[in-house]
Amino acid sequence: TIIREKQSTDWSTESAQKVIEHCLSSFETTSLGLLLLLVYETAQKAVTILELEWDNINLDSSSVSLPRSGLTVKLKPATIHLLKQQKEMWGFQKYVLPYHRVFDNSYRPLKFPGRKLSEICIKLGYSGKLDLPALRLLAIREFVAAGMEPAYLANLLGVNGTSVAQYYKGKEINVEKR
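Note that the structure is a prediction, hence the values are computed from the model and not measured.

Peer 1: Explanation requested: the overall build of the chain in the structure shown.
Peer 2: When you go through the chain residue by residue, the secondary structure sums to 8 helices and 3 strands. In sequence order, the secondary structure elements of the chain are arranged as α-α-α-β-β-β-α-α-α-α-α. Buried residues in the chain amount to 43% of all 178 residues. On the chain, roughly 10500 Å² of surface is accessible, and the fraction owed to carbon and sulfur atoms is 49%.

Peer 1: What is the right way to look at the packing of helix α2 (residues 30-42) against helix α4 (residues 77-90) in this model?
Peer 2: Packed helix pairs are characterised by how far apart their axes lie and by the angle those axes make with each other. Axis separation between α2 and α4 bottoms out at 11 Å; the angle between their running directions is 145°. The chirality of how α2 crosses α4 is left-handed. Contacts between α2 and α4 involve T30, S31, L34, L37, L38 and E41 from the first element and T79, L82, L83 and Q86 from the second.

Peer 1: What is the right way to look at the packing of aromatic side chains in this model?
Peer 2: Aromatic ring pairs are reported here in terms of the distance separating the ring centres and the angle at which the planes meet. The tally for this structure, following the rule as stated, stands at 2 aromatic pairs. On the numbers, 6.0 Å between centres and 35° between planes, the contact of W90 with F92 is tilted. A relative accessible area of 6% places W90 in the buried class. Judged by its relative accessible area of 59%, F92 is exposed.

Peer 1: Explain the confidence of the model for the chain to me, please; I cannot follow it from the model alone.
Peer 2: Should the pLDDT be low somewhere, the predicted coordinates at that spot are not to be read in detail. Of the residues in the chain, 82% reach a pLDDT of 70 or more, and the chain-wide mean stands at 84. Note on residues 1-7: pLDDT under 50 across the span, and 1 contact to partners over four residues away in sequence or across chains.

Peer 1: How should I be thinking about the environment of S31 in this particular structure?
Peer 2: You can see S31 is positioned in helix α2. On the accessibility criterion, S31 (8% relative accessible area) is buried. Measuring from C-alpha to C-alpha, the distance between S31 and Q86 comes to 8.3 Å, with 55 residues separating the pair along the chain. A polar contact is formed between the side chain of S31 and the side chain of Q86, at a distance of 3.2 Å.

Peer 1: So what exactly am I meant to see when it comes to α2 here?
Peer 2: In an α-helix there are 3.6 residues to a turn, and that puts residues three or four apart on one side. For α2, with 13 residues, the first-to-last C-alpha span of 18 Å sits near the 18 Å given by 1.5 Å per residue. By the criterion of burial, α2 is predominantly enclosed, with 13 of the 13 residues buried.

Peer 1: Explanation requested: the sheet that holds strand β2 (residues 63-65) in the structure shown.
Peer 2: Strand pairing in a sheet relies on backbone hydrogen bonds. The paired strands run either parallel or antiparallel. With antiparallel pairing, 3 strands are arranged side by side in an open sheet as β1-β2-β3. Two strands lie at the open edges of the sheet, namely β1 (57-58) and β3 (72-74), each paired on one side alone. Both β1 and β2 contribute to a ladder of 2 bridges, which runs antiparallel. Its bridge partner being in β2, I57 is matched across the sheet by V64.

What counts, and at which threshold
Residues numbered from 1 in each chain as written. Predicted model: local features only at pLDDT ≥ 70, side-chain atom pairs only at ≥ 80, totals over all residues. Heavy atoms only, no water. Helix = DSSP H or I, 4+ residues; strand = E, 2+ residues; numbered from the N terminus. Buried < 20%, exposed > 50% of the residue type's maximum accessible area, 1.4 Å probe, protein only. Areas by Shrake-Rupley, 256 points an atom, 1.4 Å probe, with all protein chains shown as cover. Axes fitted to C-alpha atoms, helices over the stretch in contact; angles between N-to-C directions. Left-handed = near helix turned anticlockwise from the far one by under 90°. Contact = heavy atoms within 4.5 Å. Phe/Tyr/Trp six-rings, centres within 6.5 Å; stacked < 30°, edge-to-face > 60°. pLDDT = per-residue confidence, 0-100. Polar contact = N/O pair within 3.5 Å; in protein donor to acceptor, adjacent residues only side chain to side chain. Expected span 1.5 Å × (residues − 1). Pairing = 2+ DSSP bridges.

Shown next, in the form of structure tokens:
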């Protein structure tokens, strides 16, 4: 009988940073790295980030306007620096995270990168099961641990207040939306 160690499907802060840095180090995976970074920094669903257009990014105010929630979120200076580099390379087309090949004379947004993400995770020694929803959950947990108010988290995630109560187990919370 072979006993295999159960591989985690949860991201840690360390694994997220390592995978993001790896992706950002190569031209072919830069858009994937930015996707992971923006999911991690904003706790948005990957589809929301994939749909971002340059009109949603304000490099001067270091923010991103999230079309699904209607919120504007401040981004870290390092993220803005990476987005400026991305705009220099890809600003001629509308999507912030394009697939790097042309289809029918235009660029499409990056598609869900499940297979590529699994390959990179395995190469770096992590489970091939680290995925975008789990990365978003890590971001949510870190926001809660940092003291983000439940009402703001509900607005950020675009859900009703009672939906975020699960992240605040054991804490008394006010779930009214702002």
